[in-house]
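Structural overview
Chain by chain, the residues run as shown.
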Amino acid sequence: MYAETLILDGNRVANQIKEDLAVRIEQLTAKGIQPCLATILVGDDPSSETYVRMKGNACKRLGIHSRRIHLDQSTTTDQLIAVIQELNRDSQVHGILLQHPVPHHVDERAAFEAIQPEKDVDGVTMLGFAQNAFGIASFPSCTPAAIIAILDHYQIPIAGKHAVVIGRSPILGKPVSLMLLNRNATVTICHSRTEGLEHLVRLADIVVAAVGKPAFVQGDWIKPGAVIIDAGYNPGNIGDVDYEACLPITSAITPVPAGVGPVTIATLLKHTIDAAEMTNP
């Protein structure tokens, strides 16, 4: 094992975030305000149902009201947007989360764009993306924000480091690349059509795996002493990184589970509290 290999415990980071939130929730409650997160699930995807339930449970434990809206698989784009617009108008709702992915016949981007920016606590709108690019987003995408929170919690240097991000989704790969760039990292974005991927990963001081393929990143791709953030979650609790193969080579690595996931949920809760405070100064 690499000397002093550090396991980046996401539960530890998440618990710290939630401890800080508890005080703020008490202050809102004293003013007669209960923070509320509305989650929308379209269809019956088992993984999505699990994620929504986990988020609801996390809200309940902290004293955040979780309003769950479960829509039928046949829901149209217009019907979904109508539900979102109703939540936009509801002053009791502070954050809106549309669980991804939606059924194929639904225009997901149109639905995301219907979310009022002040309630876009998951950071999925184009305006939120643009604000994130400029480093001024109130609600950056939750998983990218969680990745930065983990690096900061463990005081892992970002400035001047070469970060390789594997994945280019608009709610993970692209925004985390911009956040790292804004923190003065040199960033290489890789994807399914990248040539010489293994060579590029070997150059990285920080590797962010967000490709959605189980155990995709191999141990012999990693530069000794690199930091690995595994943002993947695949069936069987498997990340995008071959953990056992990479562990002996890295200086720090997130496990799956108990890595990025818990911090992502804690970040969503934080954004909901932020939104409640912004509307109730």
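Let us look at the structure shown here. (Residues numbered from 1 in each chain as written. Predicted model: local features only at pLDDT ≥ 70, side-chain atom pairs only at ≥ 80, totals over all residues. Heavy atoms only, no water.)

Along its length, the protein carries ten helices and nine strands. Radius of gyration (C-alpha) of the protein: 19 Å, near the 19 Å computed for a compact globule of 281 residues. Dimensions of the protein, computed from the C-alpha atoms along their principal axes, are close to 50 × 45 × 35 Å. Residue burial in the protein is summarised as follows: out of 281 residues, 49% are buried. Entry remark: accessible area of the protein is about 13,000 Å², with carbon and sulfur atoms responsible for 53%. (Helix = DSSP H or I, 4+ residues; strand = E, 2+ residues; numbered from the N terminus. Rg over C-alpha atoms; globule rule 2.2 N^0.38 Å. Buried < 20%, exposed > 50% of the residue type's maximum accessible area, 1.4 Å probe, protein only. Areas by Shrake-Rupley, 256 points an atom, 1.4 Å probe, with all protein chains shown as cover.)

Moving on, we come to the nonpolar core. Formed by 49 residues in total, the largest nonpolar core has its most connected members in Ile-147, Leu-180 and Ile-229. Breaking this core down by element, the ones donating at least two residues are helix H1 (10-30), helix H2 (46-62), helix H6 (142-153), strand S5 (162-166), helix H7 (173-182), strand S7 (206-209), strand S8 (227-230) and helix H10 (260-279). Of the residues forming this core, the biggest block, nine residues, is contributed by H10. Sequence-distant contacts of Ile-147, defined by excluding residues within four places in its chain, comprise Leu-172, Val-176, Val-208, Ile-229, Ala-231 and Val-260. One finds Cys-36, Leu-80, Ile-96 and Leu-98 within the second-largest nonpolar core, a separate group that totals 21 residues. (Core = buried A, V, L, I, M, F, W, Y, C linked by side-chain atoms within 4.5 Å. Contact = heavy atoms within 4.5 Å.)

Moving on: the sheet that holds strand S2 (residues 36-42). Sheet architecture is open: three strands sit in the order S3-S2-S4, paired in parallel fashion. Of all the strands in the sheet, just strand S3 (65-71) and strand S4 (95-98) have a single pairing partner and so form its edges. Taken pair by pair, the neighbouring strands of this sheet meet at an average axis angle of 20°, ignoring direction. Here S2 runs beside S3; their pairing, made up of seven bridges, is parallel. Within S3, the residue paired with Leu-41 across the bridge is His-70. (Pairing = 2+ DSSP bridges. Axes fitted to C-alpha atoms, helices over the stretch in contact; angles between N-to-C directions.)

Residue position: Asn-234 is located in the loop between S8 and helix H9 (243-246). Judged by relative accessible area, which is 8%, Asn-234 ranks as buried. For the pair formed by Asn-234 and Pro-257, sequence separation is 23 residues and the distance between their alpha carbons is 10.0 Å. Not counting residues within four places of it along the chain, the set of residues in contact with Asn-234 comprises Gly-212, Lys-213, Pro-214, Gly-239 and Asp-240. A polar contact is formed between the side chain of Asn-234 and the backbone oxygen of Gly-239, at a distance of 3.2 Å. (Polar contact = N/O pair within 3.5 Å; in protein donor to acceptor, adjacent residues only side chain to side chain.)

Another aspect to go through is the pairing of strand S6 (residues 186-190). With five bridges joining them, S5 and S6 adopt parallel strand pairing. Across the sheet, Val-164 pairs through a bridge with Thr-188, a residue of S6. After leaving S5, the chain enters H7 and then returns to the sheet as S6, a path that is right-handed. (Right-handed = clockwise from strand over helix to strand, strands pointing away.)

Cis geometry marks the peptide bond from His-100 to Pro-101; its omega dihedral reads 0°. Inspection of the secondary structure assignment puts Pro-101 in the loop between S4 and helix H4 (108-113). Pro-257 follows Val-256 through a cis peptide bond whose omega is 0°. Checked against the element boundaries, Pro-257 lands in the loop between strand S9 (252-253) and H10.

A few words on the layout of surface pockets. Space inside the largest pocket adds up to approximately 1,300 Å³. Every residue lining the largest pocket is counted, 42 residues in all, and those nearest its centre are Tyr-51, Gln-99, Thr-143, Ala-231 and Tyr-233. When residues of the lining of the largest pocket are traced back to their parent elements, those giving at least two are H2, S4, H6 and H10. Tallying contributions element by element places H2 first for the lining of the largest pocket, with seven residues. Partitioning the lining of the largest pocket into residue classes produces 22 nonpolar, 15 polar and five charged. (1 Å grid on protein atoms, 1.4 Å probe; cavity = no way out; pocket = protein on both sides within 12 Å on 5 of 7 lines; lining within 4 Å. Points joined across faces, edges and corners; volume = space filled by probe spheres on them. Nonpolar A, V, L, I, M, F, W, Y, C, P; charged D, E, K, R; others polar.)

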